[in-house]
Amino acid sequence: MSVTVRAPAKVNLALVVGRPREDGYHPLNTVYQAISLYDDVRVSDAEDWVVSVHPIGEVDVSVVPLDDSNIALRAGRALVAHHGLELAADIVIHKGIPVAGGLAGGSADAAATLVALDRLWDLRTTDEDLLAIAGELGSDVPFALIGGSAHGLGHGELVSPLSDHGSYWWVVVPSDEGLSTPEVYREFDRLQPDLDPTAHQADPVALVSALQEGDPDALATSMRNDLEDAALSLRPELAERIALVQAHCDAKVMLSGSGPTILGIVASQEDALDSRAALLEAGFEVVHVATGPVAGAHVVEYA
Ligand code: ATP
């Protein structure tokens, strides 16, 4: 028997970053949205833990580790430890989310693995426990479980769903070379050594009300990414790339999370497809069109 779970990529509509805490984590005040780029994770019983990764389309999976550092494997082991069991699984990841792109693909795999193994072994883990295990695995993993649009506090792991009456269209432009999230945070600290410790605490009121109204223009105006300067400082050529995307999209354009994926929020599916065609014509090799919000990790097949 096998179970397949699909989990979405995330974008941060707001990513407000505070001064690092004593434990090294940066406090975040973030608004997530799950978008329609997905990884599918299939699990089945095995003698020992094993993970494999296969690309969907043009996704480069060469840097995804297949050893114990793969976050899907870590998720599996954490779930088994939580229940005090000695089980193992074969985890097969089909990856449609660009790797190391600021789209939380690894987190999606971890969330998908938790749900898939819970169903495979009928563990009936409570939602509360699943969210807690997810939060230990990584800041973005709890959000990959719940999907939709959500507010994230703590270091991103304390998520609460937001009411969202809209549907939005995204143009997603990955880069050939990923960016390391820890490196981007280190650069953020270097650029902002004297950050006011309370600066990140304001509620994202404008964004939350834009989502509630389902107003894409208000949403675009209130989007914010505090990691963008740090990512551009590490990868200056990204500024030119962002300008090029801007020139071919009638959209608000910004980096996704720690980058280097570039996002444009456009008014309609038609605009998204037009922008994609213009960007491909201008020489960009891979451009995705996605919609959001979409569901978090969910079962797509029992076989
Ligand atoms: P972060 O979640 O740290 O913000 P990201 O969204 O930019 O990162 P991911 O695709 O999650 O990017 O990958 C970050 C790194 O995690 C990769 O470079 C890879 O080395 C490692 N990794 C571990 N497990 C996985 C996995 N299952 N899928 C993708 N990357 C993984």
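For the structure, see preceding data.
The structure presented is a predicted model; accordingly, all values stated were derived computationally and were not measured.

K.L.:
What am I meant to see in unusual backbone geometry here?
P.N.:
One can expect most non-glycine residues to show negative phi and most peptide bonds to be in trans. With an omega of 5 degrees, the peptide bond between Gly-259 and Pro-260 qualifies as cis. Checked against the element boundaries, Pro-260 lands in the loop between strand S9 (252-255) and strand S10 (262-266). Here the amide bond leading from Gly-292 into Pro-293 is cis, since omega sits at 0 degrees, within 30 degrees of zero. Examined against the element boundaries, Pro-293 turns out to sit in the loop between strand S11 (288-292) and strand S12 (298-302). Although it is not a glycine, Ala-100 adopts a positive phi angle of roughly 50 degrees. The residue Ala-100 is located in the loop between strand S4 (89-95) and helix H2 (105-120) in this model. A residue is classified by how much of its surface remains accessible, and Ala-100, at 38% relative accessible area, is partly exposed. Of note in the backbone geometry, Arg-124 takes a positive phi value of approximately 55 degrees without being a glycine. One can find Arg-124 in the loop between H2 and helix H3 (127-137).

K.L.:
Is there a simple way to explain a negative patch on the surface in this structure?
P.N.:
A contiguous patch of negative charge, built from Glu-58, Asp-60, Asp-176, Glu-177, Glu-237, Glu-240 and Glu-285, is present on the exposed surface. Along the chain, the position of Asp-176 falls in the loop between strand S7 (168-173) and helix H5 (181-191). With a relative accessible area of 75%, Asp-176 lands in the exposed category.

K.L.:
Would you take a moment to explain the site of the ligand for this structure?
P.N.:
Close contacts around the ligand come from 19 residues, with Ala-100, Gly-102, Ala-104, Gly-106 and Asp-109 the closest. A distance of 3.3 Å separates an oxygen atom of the ligand from a polar backbone atom of Gly-101. Here an oxygen atom of the ligand and a backbone polar atom of Ala-104 are 2.6 Å apart. In the complex, 77% of the free accessible area of the ligand, which totals 600 Å², lies under the protein chains. Of all elements in the fold, only S4 and H2 reach the threshold of two or more residues within the shell around the ligand. Examining the composition of the shell around the ligand, we find that four residues originate from one element, H2, more than from any other.

K.L.:
In this structure, what is going on with the sheet that holds S7? I would like to understand it.
P.N.:
Either a parallel or an antiparallel arrangement is found when strands of a sheet pair, and the pairing is made through backbone hydrogen bonds. As summarised here, the arrangement of the four strands in space is S9-S10-S7-S11, forming an open sheet in which the pairing is antiparallel. Sheet topology places S9 and S11 at the edges, where each strand pairs with a single neighbour. Between one strand axis and the next, the sheet turns through 30 degrees on average, direction left out of account. Where S7 lies against S10, five bridges are found, and the strand directions are antiparallel. Pairing of Val-173 across the sheet is with Ile-262, part of S10. The sheet contacts of helix H9 (residues 237-248) involve S7, S9 and S10, and relative to S9 the element is tilted by about 155 degrees.

K.L.:
Would you mind going over the pattern of salt bridges with me for this structure?
P.N.:
Between side chains of opposite charge, a pair can form when the charged atoms approach closely. All told, the structure shown has nine salt bridges when counted by the stated rule. Between Asp-40 and Arg-6 there is a salt bridge whose closest N-O contact spans 2.7 Å. With a gap of 34 residues between them, Asp-40 in strand S2 (residues 28-45) and Arg-6 in strand S1 (residues 2-17) connect regions that are remote in the sequence. Its relative accessible area of 15% is what places Asp-40 among the buried residues. One salt bridge connects Asp-118 with Arg-119, and the closest N-O pair in it is separated by 2.6 Å. The structure contains a network of salt bridges with shared partners spanning Asp-39, Lys-95 and Asp-109.

Each value, and the rule that gives it
Residues numbered from 1 in each chain as written. Predicted model: local features only at pLDDT ≥ 70, side-chain atom pairs only at ≥ 80, totals over all residues. Heavy atoms only, no water. Helix = DSSP H or I, 4+ residues; strand = E, 2+ residues; numbered from the N terminus. Buried < 20%, exposed > 50% of the residue type's maximum accessible area, 1.4 Å probe, protein only. Patch = residues over 30% accessible without salt bridge, like charges linked within 9 Å, V, L, I, M, F, W, Y side chains within 5 Å. Areas by Shrake-Rupley, 256 points an atom, 1.4 Å probe, with all protein chains shown as cover. Salt bridge = Lys/Arg side-chain N within 4 Å of Asp/Glu carboxyl O. Lys, Arg positive; Asp, Glu negative; His and termini not counted. Charge placed at Lys NZ, Arg CZ, Asp CG, Glu CD. Near = heavy atom within 4 Å. Polar contact = N/O pair within 3.5 Å; in protein donor to acceptor, adjacent residues only side chain to side chain. Pairing = 2+ DSSP bridges. Axes fitted to C-alpha atoms, helices over the stretch in contact; angles between N-to-C directions. Contact = heavy atoms within 4.5 Å.

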